[in-house]
Amino acid sequence: MDQNDIASNPTIFGKILRGEIPADIVHEDIHCLAFRDINPQAPQHILVIPKRLIPKLSDASEEQRTLLGHLLYVASEIARKEGFAEEGFRVVINNGENAGQEVPHLHLHVLAGRAFSWPPG
Ligand code: 5GP
């Protein structure tokens, strides 16, 4: 199932999952891949993506609830391993047009290394 999803994923993240374009990978397991953002918005900017093709968060099905939790857990694990868990970090999911989502494959932005303002822009 995951392999079929990866093979047919038409997005830029599909190319990364298939190894067609390079990425600076920081974590991989059977469910997800995490790699550094090509255009970082903070000193640390890592994307966590499911291997299954889920275009956006609101497309996730009930059976994918465990996967969604896994993505969050991996984000926190990366924060600990990269050493910014204690100083603080931000996790962002842009869902759809108004949120500015550009790549139609669910991804968590994990941002760290500076203070972030609130509310977001
Ligand atoms: P979105 O705006 O969809 O929430 O975020 C998409 C993110 O993917 C952006 O932060 C953008 O810099 C990143 N991105 C787009 N293309 C690539 C790529 O080819 N490689 C990597 N590592 N990141 C990318």
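Residues numbered from 1 in each chain as written. Predicted model: local features only at pLDDT ≥ 70, side-chain atom pairs only at ≥ 80, totals over all residues. Heavy atoms only, no water.

### A short note on the pairing of strand S3 (residues 44–50)
Part 1: Taking burial as the measure, the seven residues of S3 include six buried ones, the bulk of the element.
Part 2: Sheet analysis places strand S2 (residues 32–36) next to S3, joined by five bridges and oriented antiparallel. Considered in S3, the bridge of Phe-35 is made with Leu-47. (Buried < 20%, exposed > 50% of the residue type's maximum accessible area, 1.4 Å probe, protein only. Helix = DSSP H or I, 4+ residues; strand = E, 2+ residues; numbered from the N terminus. Pairing = 2+ DSSP bridges.)

### Considerations on the sheet that holds strand S5 (residues 108–112)
Part 1: Across the sheet, five strands lie side by side as S1-S2-S3-S5-S4; this open sheet has antiparallel pairing. Lying at the two open borders of the sheet, with one neighbouring strand each, are strand S1 (25–28) and strand S4 (89–92). Averaged over all pairs of adjacent strands, the angle between their axes in this sheet comes to 15°, without regard to strand direction. (Axes fitted to C-alpha atoms, helices over the stretch in contact; angles between N-to-C directions.)

### Structural notes on the packing of aromatic side chains
Within a pair of aromatic rings, the relevant descriptors are the distance that separates the centres and the angle that separates the planes.
Part 1: Under the counting rule described, the total for this entry stands at two aromatic pairs.
Part 2: The interplanar angle of 75° and the centroid separation of 5.5 Å between the aromatic rings of Phe-13 and Phe-35 together place this pair among those described as edge-to-face. Of this pair, Phe-13 sits in helix H2 (residues 12–17) while Phe-35 sits in strand S2; the two residues are 22 residues apart in sequence, bridging distant segments of the chain. Neither residue differs from the other here; Phe-13 and Phe-35 are each classed as buried. (Phe/Tyr/Trp six-rings, centres within 6.5 Å; stacked < 30°, edge-to-face > 60°.)

### Re the site of the ligand
Part 1: Around the ligand, the structure places 17 residues, and the nearest of them are Asp-37, Asn-94, Glu-102, His-107 and His-109.
Part 2: Between Val-103 and the ligand, the recorded distance is 2.9 Å, taken from a backbone N or O atom to an oxygen atom.
Part 3: In the complex, the protein chains occlude 85% of the 530 Å² of accessible area that the ligand would expose alone.
Part 4: Put simply, the parts of the chain that give the shell around the ligand at least two residues each are H2 and S2.
Part 5: A per-element tally of the shell around the ligand places H2 first, with three residues.
Part 6: Class assignment for the residues of the shell around the ligand results in eight nonpolar, six polar and three charged. (Near = heavy atom within 4 Å. Polar contact = N/O pair within 3.5 Å; in protein donor to acceptor, adjacent residues only side chain to side chain. Areas by Shrake-Rupley, 256 points an atom, 1.4 Å probe, with all protein chains shown as cover. Nonpolar A, V, L, I, M, F, W, Y, C, P; charged D, E, K, R; others polar.)

What is shown is where atoms sit, not what they do.
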